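Architecture and fold: a report
Each chain is listed here by its residues.
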Number of protein chains: 2
Amino acid sequence: MRRVGKQTIVFQDPPLILNHASVVGPKEGEGPLQKTFDLILDDTLFGEKSWEKAECKILQAAVNLALDKENLGRDEIDFLLAGDLLNQNISANYAARQLAIPFFGLYGACSTMAESLILGAVLVDGEFAEKVVAAVSSHHDTAERQYRFPTEQGVQRPLTAQWTVTGAGAALIGKGEKGTRITHATVGKVIDLGIKDQSDMGAAMAPAATDTLIRHFTDTGRKPADYDLIITGDLATIGKELTHQLMEQQGYPLGENFADCGLLIYDPTQDTHAGGSGCACSAVVTCGHLLHSMSAGMYQKIMLVGTGALLSPISMLQGESIPGIAHAVVIENY
Amino acid sequence: MRRVGKQTIVFQDPPLILNHASVVGPKEGEGPLQKTFDLILDDTLFGEKSWEKAECKILQAAVNLALDKENLGRDEIDFLLAGDLLNQNISANYAARQLAIPFFGLYGACSTMAESLILGAVLVDGEFAEKVVAAVSSHHDTAERQYRFPTEQGVQRPLTAQWTVTGAGAALIGKGEKGTRITHATVGKVIDLGIKDQSDMGAAMAPAATDTLIRHFTDTGRKPADYDLIITGDLATIGKELTHQLMEQQGYPLGENFADCGLLIYDPTQDTHAGGSGCACSAVVTCGHLLHSMSAGMYQKIMLVGTGALLSPISMLQGESIPGIAHAVVIENY
């Protein structure tokens, strides 16, 4: 069995991330990670008539860029695993129509990049596929329209709010001799401690991140210090601090090697309040900064913990709290 | 490689469907398949205050029933793969919260049962899991509210419209010596021939069903007559007739062994117009009628072709056409 403990997959011949690409909007392109992105858009419409059509085009662009870097045609990819935040996953669905690659649609809210990396690695390691692409997108304005208020309305955002990243990340997964590999994956449970504030997603997701981290350490016998970097997807200031506290309470204090994609992507002067969020937050930081840093030898062993808030506007109107999920993916160089 | 041709997975040690359960609403319980369902609800609220909460409870009930039949606890299940039609997959997300099984959220519209069976079988055959549950739900009134008009508004439905099935199906997948197995899976591409009528989903999905069927026959060298039954998910009257025509044009005429879950679930007197649809349509027919018929030896080798229409109300308002997808799952007794 390719597993240890209850929730952790151990890949037998750990698949390589053969290449990767990231596309971001102008705000992300002005942030501290600007040099790590492949394409920075001049505006959030990308030549389209709606933000939704733009998001779909951004996702396609990320996939095409990742394939171009490896000189691969789309017909050389066995499966596309993709998702986004929009109702009925339309960015991924319509991108898959244009890409014409056999398609698995996924939904894990902002954890979808981690989910797609896990299932992509499963397909490759299990010898169901030679090459797959894992890709996700989000867009600030499509997400605001759908989950909160139309951008044009100019509603004031509370300081606990996060800023949905406009962008997409794509990772090409396959086999190879040497490189950056996906070695383990800890698949999360849905955890809900009763947070109901839609403007405080970090707090809602922190218990799920904690649960998955502890399960990972219990399953593998590893400890936080075994990783050069443990990086959550989009907990941002409040969620990261809560995760720090929860992990300390549980006997697994996290040290200086603990970071969050939502805190890396924007500069505090960019007025995003608690930090970044959205499927693209962990995706563009992973498919930009993190994988570039690993290629450059800055990190040898990292753990990405994709975090997602599994609410919908209707579940909130019906009085539900916000369930969170977190999936961990271990990425190592060798 | 566990694959033939471009899109077809061939399972090496084909996983068994160890057990299965189906829960349906009262209308489905009055239909021709009533004796094949495990639980028929008295009303569509199932003791809850909203249809959305009811759908979530129906999904949980189907999973719990499938586990109870095998005397398994939820902690004996490695992964839950689930999805539904609602925005942000809330039925699956909130059901996964209550079930507390490590969770992969999927979205393939009405094809999600086939998608979850495929990825569930991948996890088991690839030795990433011992036992997984694949489960999906839909609900007539939650779907009408979200995709079309609130039920209370009483809008007249065109004759091409289909009736979203209220219900959920769950299949427990694992290893075993003898039984009903998942042997092959053909993963579909997104196909869109430009249909824009949201009240005619069958026509939008027929080209995807045709594409996947032809790819399956090309990949495997099999022909339609090799199956005791080829059954699509929810093409209903119009989509099924179009698929007949398209398959004949392509040189693969389908015979008497071609059926559609959306045409089996309701009686023409039940006033559902073109037939059934929704994630639960193929799920309850599979986890009720089809798997019971296979256990009883009525069929030895069938192919379920889950069909999905990957639109959203927003994509329609923005002038898009309706992309379709179809995933094929071959189920055999031995």
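All of these numbers come straight from a predicted model, not from anything done at the bench. (Residues numbered from 1 in each chain as written. Chains lettered and ligands numbered in written order. Predicted model: local features only at pLDDT ≥ 70, side-chain atom pairs only at ≥ 80, totals over all residues. Heavy atoms only, no water.)

1. Comments concerning the packing of helix 2 (residues 51-69) of chain B against helix 5 (residues 140-147) of chain B
Residue and element names in this part refer to chain B. In the contact formed by helix 2 and helix 5, the axes pass within 8 Å of each other and the chain directions differ by 130°. Here helix 2 lies oblique to helix 5, going by the angle between them. The crossing of helix 2 and helix 5 is left-handed. Taking contact as the criterion, the partners of Trp51, Glu52 and Glu55 in helix 2 are, on helix 5, Asp141, Thr142 and Arg145. (Axes fitted to C-alpha atoms, helices over the stretch in contact; angles between N-to-C directions. Helix = DSSP H or I, 4+ residues; strand = E, 2+ residues; numbered from the N terminus. Parallel < 35°, antiparallel > 145°, perpendicular 65-115°, else oblique. Left-handed = near helix turned anticlockwise from the far one by under 90°. Contact = heavy atoms within 4.5 Å.)

2. Section: unusual backbone geometry
Residue and element names in this part refer to chain A. Located in the positive-phi region is asparagine 89, a residue other than glycine, with phi close to 50°. By the secondary structure assignment, asparagine 89 is in the loop between strand 5 (79-83) and helix 3 (90-99). Overall, asparagine 89 belongs to the buried group, its relative accessible area being 2%. Look at glutamate 127: it is not a glycine, yet its phi comes out positive at around 65°. (Buried < 20%, exposed > 50% of the residue type's maximum accessible area, 1.4 Å probe, protein only.)

3. Description of the relation of the copies chain A and chain B
Expressed as a screw transformation, the operator carrying chain A onto chain B has a rotation angle of 180° and an axial translation of 0.0 Å, and the superposed copies differ by an RMSD of 0.0 Å. Taken together, the turn and the small shift mark the pair as related by a two-fold rotation axis. Mapped onto chain B, 100% of the interface residues of chain A are again interface residues, and the two copies thus contact each other with one and the same surface. (Least-squares fit on C-alpha atoms with pLDDT ≥ 70 in both.)

4. Details of the interface of chain A and chain B
If you look at the interface, chain A gives 63 residues, while chain B gives 63 residues. In this assembly, chain A packs against chain B so that about 5,400 Å² is buried in total across both faces, 59% of it on carbon and sulfur atoms. Ranking the residues of chain A by area buried against chain B places A:Gln88, A:Arg97 and A:Phe128 at the top, with a combined share of 14%. Linking chain A to chain B there are eight salt bridges. Where B:Glu320 meets A:Lys53, a salt bridge forms, and the shortest distance between an N and an O atom there is 3.6 Å. (Buried area = accessible area lost by both parts, 1.4 Å probe. Salt bridge = Lys/Arg side-chain N within 4 Å of Asp/Glu carboxyl O.)

5. Regarding the domain arrangement of chain A
Frequently, the measure chosen for interface size is the accessible area that the parts lose on association. All names here are of chain A. Domain annotation of chain A identifies domain 1 (12-174) and domain 2 (180-333). Each of domain 1 and domain 2 has a C-alpha centre, and these two points are 18 Å apart. In this complex, domain 1 contributes 53 residues to the contact, which on the side of domain 2 involves 54 residues. With both chains or domains summed, domain 1 and domain 2 bury close to 4,200 Å², and 66% of this area falls on carbon and sulfur atoms. Taken together, the connections running from domain 1 to domain 2 amount to zero salt bridges. Taken together, the elements giving at least two residues each to the side of domain 1 that touches domain 2 come down to strand 3 (16-24), helix 1 (26-29), helix 4 (112-125), strand 7 (132-138), helix 5 (140-147), strand 8 (163-164) and strand 9 (167-174). (Domains from an automatic or database assignment.)

6. Some words on the packing of helix 6 (residues 201-220) of chain A against helix 7 (residues 236-249) of chain A
Residue and element names in this part refer to chain A. Taken N-terminus to C-terminus, the directions of helix 6 and helix 7 make an angle of 40°; their axes are 8 Å apart at the nearest point. With respect to each other, helix 6 and helix 7 are oriented oblique. The two elements helix 6 and helix 7 meet at a crossing, and its hand is right-handed. Touching Gly202, Ala203, Ala206, Pro207, Ala209, Thr210, Leu213, Ile214 and Phe217 of helix 6 are Ile238, Gly239, Leu242, Thr243, Leu246 and Met247, all from helix 7. Among the residues making up the contact of helix 6 with helix 7, the classes are represented as 11 nonpolar, four polar and no charged. (Nonpolar A, V, L, I, M, F, W, Y, C, P; charged D, E, K, R; others polar.)

7. Let's talk about the side chain of B:Lys240
Residues and elements named next belong to chain B. Positionally, lysine 240 belongs in helix 7 (residues 236-249). One buried charged residue, lysine 240, forms no salt bridge at all, with the nearest opposite charge on glutamate 241 at 7.3 Å. Not counting residues within four places of it along the chain, the set of residues in contact with lysine 240 comprises Leu235, Phe258, Ala259, Asp260 and Leu263. (Lys, Arg positive; Asp, Glu negative; His and termini not counted.)

8. Side note on the pairing of strand 5 (residues 79-83) of chain B
Residues and elements named next belong to chain B. In terms of residue burial, strand 5 counts as a mostly covered element, since five of its five residues are buried. Side-chain alternation along strand 5 places Phe79, Leu81 and Gly83 on one buried face and Leu80 and Ala82 on a second face that is also buried. For strand 5 and strand 7 (residues 132-138), the ladder comprises five bridges, and the chain directions are parallel. Opposite leucine 80, over in strand 7, you have valine 133 as the bridge partner. Strand direction decides the pairing type here: strand 5 and strand 6 (residues 103-105), joined by three bridges, are parallel. Bridge pairing in strand 6 places alanine 82 opposite glycine 105. Handedness of the crossover joining strand 5 and strand 6 through helix 3 (residues 90-99) is recorded here as right-handed. (Pairing = 2+ DSSP bridges. Right-handed = clockwise from strand over helix to strand, strands pointing away.)

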